[in-house]
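In case you want the letters, here they are:
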Amino acid sequence: MMIVNTLLLLAGLALIIFGADALVDGASAIARKAGISEFVIGLTIVGFGTSCPELVVSITGALGGNADISIGNVLGSNIFNTLLILGITAVILPVAVTVKNRKVDIPLMVAVSLLLPLMFVLGEISLISGIVMLVLFAAYIIFCFKTDENGGAEEPSGNDNSILSRISSHTVGAVILIFAGLVALVAGGRLFVDYACIIARALGASNKFIAVTVLAAGTSLPELATSVVAAAKGKGQLALGNVVGSNIFNVLLILGASAVITPLSMAGMDVVDIAVFTVGALLLPLFAYTGKKDRLDRGEGVIMLVTFAAYYIYLISKI
């Protein structure tokens, strides 16, 4: 049985990898054709698509009255996004940070992220708070498109002759790739999460450990795959936009929608988890405003990865 579960786990991973490749090629092509920057495409279409697994898990948790699943999934996913995904992306290829990123996008992500520790102090995410989050989310999406300067649209490399790239050269093909990529990412993420949880429980891991680590990491696999593929293809702005957009989507849309379904108690959250979440949110602006301000370099990526590893070692020690 364990062999079957492992094979299904790998099948989910394969779908995620394919979906990420298709989504990056399709979204990049649409960005070029529509005159929209790849950063904004990453913030919106890609950010929403790769946040779908978190949305499914958190909404399911809220419907079941399990606040720990809804909150823990978002908290863990944002830690995973900022520390591991951006860290790996920067190590593969230093990530360009534009003036607009420093002045607008990153401060917005930090402001939204700090809502979670505020809710931790207040003790819950109420119905009213959920509605406010959803209104802020709608305003954020409108703001993204209104202020897009098209500073990140990139020309095709010219030497990428893969099947997906040839398909994306046509508008209809690019749209098909986006939808196929989103479907593969969501299906693969769901498959991976389900069987990762089954295997983890078989090995004796607790529900809390699964929620903060396996579940959060599993639902963030689309972001990881998409950002790594984008970095490998030299599309750093799409990778950065994906992480920033996903983090904002997770807090405003996913927690907002979950809280509208049922108020979410923060009682089950650990102070250390909230602290690491906050540190992760603050590291990006720290690196963006110091050192080589035009990019996140490999050294900064390593710091993010070391911080992530230290946190996971702490979590494993608490099993």
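Worth saying up front: this structure is predicted, and the values here are computed from it rather than measured. (Residues numbered from 1 in each chain as written. Predicted model: local features only at pLDDT ≥ 70, side-chain atom pairs only at ≥ 80, totals over all residues. Heavy atoms only, no water.)

Peer 1: I'd like a rundown of the overall build of the protein, residues and numbers included.
Peer 2: Counting its secondary structure elements, the protein contains 13 helices and four strands. By the compact-globule yardstick of 20 Å for 319 residues, the protein fits well, its C-alpha radius of gyration being 18 Å. Across the 319 residues that make up the protein, the buried fraction comes to 54%. Restricting to contacts in the protein with at least 6 residues of sequence separation, those with at least 24 account for 86%. For the protein, the exposed area adds up to about 12,800 Å²; of that, 73% sits on carbon and sulfur atoms. Between the averaged position of the 17 positive side-chain charges in the protein and that of its 19 negative side-chain charges there is a distance of 4 Å. (Helix = DSSP H or I, 4+ residues; strand = E, 2+ residues; numbered from the N terminus. Rg over C-alpha atoms; globule rule 2.2 N^0.38 Å. Buried < 20%, exposed > 50% of the residue type's maximum accessible area, 1.4 Å probe, protein only. Contact = heavy atoms within 4.5 Å. Areas by Shrake-Rupley, 256 points an atom, 1.4 Å probe, with all protein chains shown as cover. Lys, Arg positive; Asp, Glu negative; His and termini not counted. Charge placed at Lys NZ, Arg CZ, Asp CG, Glu CD.)

Peer 1: Lay out the packing of helix H3 (residues 67-92) against helix H11 (residues 236-261) in plain terms, naming residues and giving numbers.
Peer 2: Relative to each other, H3 and H11 sit at 175 degrees, their axes nearing to 10 Å. The pairing of H3 with H11 is recorded here as roughly antiparallel in orientation. Taking contact as the criterion, the partners of Ser70, Ile71, Val74, Ser77, Asn78, Asn81, Thr82, Ile85, Leu86 and Thr89 in H3 are, on H11, Ala239, Leu240, Val243, Ser246, Asn247, Asn250, Val251, Ile254, Leu255 and Ser258. (Axes fitted to C-alpha atoms, helices over the stretch in contact; angles between N-to-C directions. Parallel < 35°, antiparallel > 145°, perpendicular 65-115°, else oblique.)

Peer 1: Before we move on, can you summarise the packing of H3 against helix H13 (residues 298-317) with the specific residues and values?
Peer 2: Packing of H3 against H13 leaves a shortest axis separation of 7 Å and a crossing angle of 145 degrees. Crossing of H3 against H13: the hand is left-handed. On the side of H3, the interface is formed by Leu75, Ile79, Phe80, Thr82, Leu83, Leu84, Leu86, Gly87, Ile88, Ala90, Val91 and Ile92, while H13 contributes Arg298, Gly301, Val302, Met304, Leu305, Thr307, Phe308, Tyr311 and Tyr312. (Left-handed = near helix turned anticlockwise from the far one by under 90°.)

Peer 1: So what about empty space enclosed by the protein? Which residues, and what values?
Peer 2: Evaluation of the coordinates by the stated rule reveals one cavity of 30 Å³ or more. Here the largest cavity defines a volume of roughly 40 Å³. As for the largest cavity, its lining consists of Asn78, Ile79, Thr82, Ser113, Asn247, Phe277, Gly280 and Ala281. Among the secondary structure elements, those contributing two or more residues to the lining of the largest cavity are H3 and helix H12 (271-288). (1 Å grid on protein atoms, 1.4 Å probe; cavity = no way out; pocket = protein on both sides within 12 Å on 5 of 7 lines; lining within 4 Å. Points joined across faces, edges and corners; volume = space filled by probe spheres on them.)

Peer 1: Go over the packing of aromatic side chains with me, naming the residues and quoting the values.
Peer 2: In total, this model carries four aromatic pairs according to the counting rule given. When the centroid spacing of 5.6 Å and the interplanar angle of 80 degrees are considered together, the rings of Phe80 and Phe308 count as edge-to-face. Of the two residues, Phe80 sits in helix H3 while Phe308 sits in helix H13, which places them 228 residues apart along the sequence. Given the relative accessible area of 9%, Phe308 is considered buried. Here the aromatic cluster, defined as three or more aromatic residues joined through ring pairs, consists of Phe80, Phe308, Tyr311 and Tyr312. (Phe/Tyr/Trp six-rings, centres within 6.5 Å; stacked < 30°, edge-to-face > 60°.)

Peer 1: Tell me about the pattern of salt bridges, residues and numbers included.
Peer 2: For the coordinates displayed, the defined rule picks out one salt bridge. For Asp105, the salt bridge is made with Lys100, and the minimal N-O distance between the two is 3.2 Å. We note that Asp105, like Lys100, is buried. (Salt bridge = Lys/Arg side-chain N within 4 Å of Asp/Glu carboxyl O.)

Peer 1: Tell me about H12, residues and numbers included.
Peer 2: Since the α-helix advances by 3.6 residues per turn, residues separated by three or four positions end up pointing in the same direction. Its 18 residues place the ends of H12 26 Å apart at the C-alpha level, agreeing with the 26 Å of an ideal helix rising 1.5 Å per residue. Every buried residue of H12 is listed here: Asp273, Ile274, Val276, Phe277, Thr278, Gly280, Ala281, Leu283, Leu284, Pro285, Phe287 and Ala288. With a side-chain oxygen positioned 2.7 Å from the backbone nitrogen of Val272, the residue opening H12 is Asp270. (Expected span 1.5 Å × (residues − 1). Polar contact = N/O pair within 3.5 Å; in protein donor to acceptor, adjacent residues only side chain to side chain.)

Peer 1: Tell me about the side chain of Ser227, residues and numbers included.
Peer 2: With respect to the helices, strands and loops of the structure, Ser227 is situated in helix H10 (residues 221-232). Sequence-distant contacts of Ser227, defined by excluding residues within four places in its chain, comprise Ile85, Thr89, Ala239, Asn242 and Val243.

Peer 1: Lay out the side chain of Asn81 in plain terms, naming residues and giving numbers.
Peer 2: Within the fold, Asn81 resides in helix H3. On the accessibility criterion, Asn81 (0% relative accessible area) is buried. A distance of 2.9 Å separates polar atoms of two side chains, one belonging to Asn81 and the other to Asn247.

Peer 1: Describe the environment of Asp21, and please don't skip the residues or the numbers.
Peer 2: Its location among the elements puts Asp21 in helix H1 (residues 2-34). Taking the relative accessible area as the measure of exposure, Asp21 reaches 25% and is therefore partly exposed. Remark: the alpha-carbon pair of Asp21 and Lys233, spanning 212 residues in sequence, is separated by 9.8 Å.

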